[in-house]
Amino acid sequence: MARVIGSEPALAARLMRISNSASLNRSGRAVADLRTAINRIGYNMVRSAAMAFAMAQIRNANKLAGLEQYLNDLWQRSTMVAAFAFVLARTCSR
């Protein structure tokens, strides 16, 4: 997984920044390699960050010029629906 993520420098840099954030770096030791960053973050968060990164790349694509506002609205609405679904699932099930 680290090799695949390492092939996209911007995504790797974002994951390194996330892994060294105050919320995930309780020990105060900064992570220097991508493999350790992925282990610290966890695969679910890596997957979510990769999806968000991919969607940001799509929204900024030149071919979609003029649709930025619609894509941004769709992203915001989808994120809100996902958050509601998560809370509802946690409330109604184990």
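Just so it is clear, the structure is predicted and the values come from calculations on it, not from any experiment.

A. View of the overall build of the protein. Helices and strands together make up the secondary structure of the protein, namely five helices and zero strands. Reading the protein from its N end, one meets helices and strands in the order α-α-α-α-α. What you see for the protein is a C-alpha radius of gyration of 16 Å, clearly larger than the 12 Å of a compact globule of 94 residues, by over 25%. Summarising its shape, the C-alpha atoms of the protein cover approximately 40 × 40 × 20 Å along the three principal directions. Here the protein holds 94 residues, and 19% of them are scored as buried. Put simply, of all contacts in the protein between residues at least 6 apart along the chain, 35% involve residues at least 24 apart.

B. Fine view of the packing of helix 3 (residues 34–41) against helix 4 (residues 43–59). Close contact between helix 3 and helix 4 brings their axes to 6 Å; oriented N to C, the two are set at 105°. The angle between the axes of helix 3 and helix 4 places the two elements in the roughly perpendicular class. Side by side, helix 3 and helix 4 meet where Ile38, Asn39 and Ile41 of the first sit next to Tyr43, Met45 and Val46 of the second. Here the residues of the contact of helix 3 with helix 4 are counted per class, giving five nonpolar, one polar and no charged.

Rules of the game
Positions within a chain are numbered from 1, following the residues in the order the chain's sequence is written. Thresholds applied to this predicted model are a pLDDT of at least 70 for local features of residues and 80 or more for the giving and counting of side-chain atom pairs; totals over whole chains, interfaces and linings are not thresholded and use all residues. The side-chain quantities take in all heavy atoms of the structure and omit both hydrogens and water. Runs of H or I in DSSP of at least four residues are treated as helices and runs of E of at least two as strands, each being numbered from the N terminus. C-alpha atoms define the radius of gyration in this analysis, and the globule rule sets the expected value at 2.2 Å times the number of residues to the power 0.38. For every residue, the accessible area (1.4 Å probe, protein chains only) is compared with the maximum for its type, and the residue is labelled buried under 20%, exposed over 50%, or partly exposed between those bounds. Working rule for contacts: check all heavy atoms of both residues, and any pair within 4.5 Å makes them a contact. To obtain each axis, a line is fitted to C-alpha atoms, and for helices this fit is confined to the stretch in contact; angles are then taken between N-to-C directions over 0 to 180 degrees. Geometric relationships in this document are graded by angle, where less than 35 degrees denotes roughly parallel, more than 145 denotes roughly antiparallel, 65 to 115 denotes roughly perpendicular, and other angles denote oblique. Here the term charged refers only to Asp, Glu, Lys and Arg, the term nonpolar to Ala, Val, Leu, Ile, Met, Phe, Trp, Tyr, Cys and Pro, and the term polar to all other amino acids, Gly among them.

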